[in-house]
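The lines below spell out each chain.
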Amino acid sequence: MPINKDLRQEISKRLLRGHRAEISRKAGVSRTLVTSWFNGTSVNYGVEAAAIEVFETVIKQEKESNKRLRAILSE
C-alpha cells in the first residue's frame with residue numbers, strides 16, 4: 001500500500017532540496033516524477049522505496065549530529 005499524501009509531505013519537509021535528486025538517481029527516474037510522487041499525483045514504488053531509504057539516512061545523520069553536538073556542549 002502506497003504512503004499517503006500527508007506522510008509524503010512530512011517526509012518532504014524534512015529533506016533538503018538535493019535529496020530529491022538523490023531519490024531520483026536511486027529510483028532511476030526523473031526529478032519531475034519524484035516531485036509528482038511527493039505531491040501525491042504519482043504512485044511509483046521505486047520512488048517510494050528510494051525516498052524511504054534516503055529519509056532513513058537523513059534521520060540517522062541528524063541523530064548522530066545531535067549526539068556529537070551534545071557531547072561537545074557537555075565538555
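Residues numbered from 1 in each chain as written. Predicted model: local features only at pLDDT ≥ 70, side-chain atom pairs only at ≥ 80, totals over all residues. Heavy atoms only, no water.

**Student:** Please set out the overall build of the protein residue by residue, giving values where relevant.
**Tutor:** From N to C terminus, the protein includes 4 helices and 0 strands. Ordered by position from N to C terminus, the α and β elements of the protein give α-α-α-α. Relative to its length of 75 residues, the protein is extended, with a C-alpha radius of gyration of 14 Å against a globular reference of 11 Å. By principal-axis analysis of the C-alpha atoms, the protein measures approximately 50 × 25 × 20 Å. Residues counted as buried form 27% of the 75 residues belonging to the protein. (Helix = DSSP H or I, 4+ residues; strand = E, 2+ residues; numbered from the N terminus. Rg over C-alpha atoms; globule rule 2.2 N^0.38 Å. Buried < 20%, exposed > 50% of the residue type's maximum accessible area, 1.4 Å probe, protein only.)

**Student:** Could you give an account of the nonpolar core, naming the residues involved and the relevant values?
**Tutor:** Nonpolar side chains in soluble globular proteins tend to end up buried together. In this structure, Ile11, Leu15, Ile23, Trp37 and Phe38 are the most contacted members of the largest nonpolar core, which totals 14 residues. Looking at this core, the element that brings in the most residues is helix 4 (residues 45-73), giving 7 residues. Beyond its immediate sequence surroundings of up to four residues, isoleucine 23 is in contact with Leu15, Val34, Phe38, Val47, Ala50, Ala51 and Val54. (Core = buried A, V, L, I, M, F, W, Y, C linked by side-chain atoms within 4.5 Å. Contact = heavy atoms within 4.5 Å.)

**Student:** Please provide a residue-by-residue account of the packing of helix 2 (residues 17-27) against helix 3 (residues 31-39), values included.
**Tutor:** Relative to each other, helix 2 and helix 3 sit at 110°, their axes nearing to 9 Å. One element, helix 2, and the other, helix 3, form an angle in the roughly perpendicular class. Between helix 2 and helix 3, the contacting residues are Arg20, Ala21, Ile23 and Ser24 on the first element and Arg31, Val34, Thr35 and Phe38 on the second. (Axes fitted to C-alpha atoms, helices over the stretch in contact; angles between N-to-C directions. Parallel < 35°, antiparallel > 145°, perpendicular 65-115°, else oblique.)

**Student:** Outline the pattern of salt bridges, supporting the account with residue identities and numerical values.
**Tutor:** All chains considered together, the criterion is met by 3 salt bridges. With a closest N to O distance of 2.7 Å, glutamate 62 and arginine 14 form a salt bridge. Separated by 48 residues along the polypeptide, glutamate 62 in helix 4 and arginine 14 in helix 1 (residues 5-14) bring together distant segments of the chain. Judged by relative accessible area, arginine 14 falls into the partly exposed class, the value being 41%. A salt bridge links lysine 26 to glutamate 53; the shortest N-O distance between them is 3.0 Å. Of this pair, lysine 26 sits in helix 2 while glutamate 53 sits in helix 4, and the two are 27 residues apart along the sequence. Under the relative-accessibility criterion, lysine 26 is labelled partly exposed at 43%. A relative accessible area of 42% means that glutamate 53 is categorised as partly exposed. (Salt bridge = Lys/Arg side-chain N within 4 Å of Asp/Glu carboxyl O.)

**Student:** Describe the side chain of glutamate 48, naming the residues involved and giving the relevant values.
**Tutor:** Relative to the elements of secondary structure, glutamate 48 occurs in helix 4. Filtering out sequence-adjacent residues up to four positions away, glutamate 48 remains in contact with Met1, Pro2, Ile3 and Trp37.

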